[in-house]
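# Structure at a glance
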Amino acid sequence: MNDQSESGPQRDHVTPDALLHTGSGGEVTAEDLVLASGRDITPQNLAWAERKLAAEGPAALDKMLP
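Residues numbered from 1 in each chain as written. Predicted model: local features only at pLDDT ≥ 70, side-chain atom pairs only at ≥ 80, totals over all residues. Heavy atoms only, no water.

## Here's the deal with the confidence of the model for the protein
The condition that has to hold: Each residue carries a pLDDT score, the predictor's confidence in it, ranging from 0 to 100. Under the scheme used here, helices are H or I runs from DSSP no shorter than 4 residues and strands are E runs no shorter than 2 residues, and both carry numbers assigned from the N terminus.
Residues at a pLDDT of 70 or more form 64% of the protein, whose mean pLDDT is 78. The spread of mean pLDDT over the elements of the protein runs between helix α1 (residues 17-20), the lowest at 58, and helix α3 (residues 43-56), the highest at 96.

## Description of α3
What counts, and what does not: Expected span, for any helix, means 1.5 Å times one less than how many residues it has. Each residue's exposure class comes from its accessible area (1.4 Å probe, protein chains only) as a fraction of the maximum for that residue type: buried when under 20%, exposed when over 50%, partly exposed otherwise. The arc in question is the one traced by the directions running from the helix axis out to the C-beta atoms. For this analysis, residues touch if any pair of their heavy atoms sits within 4.5 Å.
Here α3 is 14 residues long and its end C-alpha atoms lie 20 Å apart, about the 20 Å a rise of 1.5 Å per residue gives. Of all the residues in α3, the buried ones are N45, L46, W48, A49 and L53. All buried residues of α3 project into a common sector of 155° when viewed along the axis, lining one side. Opposite its buried face, α3 presents the exposed residues P43, Q44, E50, R51, A54 and A55, each directed more than 90 degrees away. Of the surrounding secondary structure, the elements contacted by the buried residues of α3 are α2 (30-36) and α4 (59-64). Residue G57 follows α3 closely and has a positive phi angle near 70°.

Listed below in C-alpha cells is the structure:
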C-alpha cells in the first residue's frame with residue numbers, strides 16, 4: 001500500500017528547459033567560474049577565473065558545466 005497522499009510530490013512531471021540550462025547567456029562573473037570549477041573563492045582563484053574569462057568569454061562557464 002502507498003503511504004503517500006494525493007497531495008505529495010509527483011515524480012512523473014518534466015522539468016522545464018529554463019531550469020535545466022546554465023543561463024550563461026547573461027553576465028558571467030569570476031565568482032561564477034570559480035564556484036563552477038569546485039574551487040574556493042580566494043584571490044588566486046579569482047585571478048585565474050578573470051584570466052580565463054578574458055581569454056574565453058562566457059563560454060568558459062559552459063565548458064565547466066555538464
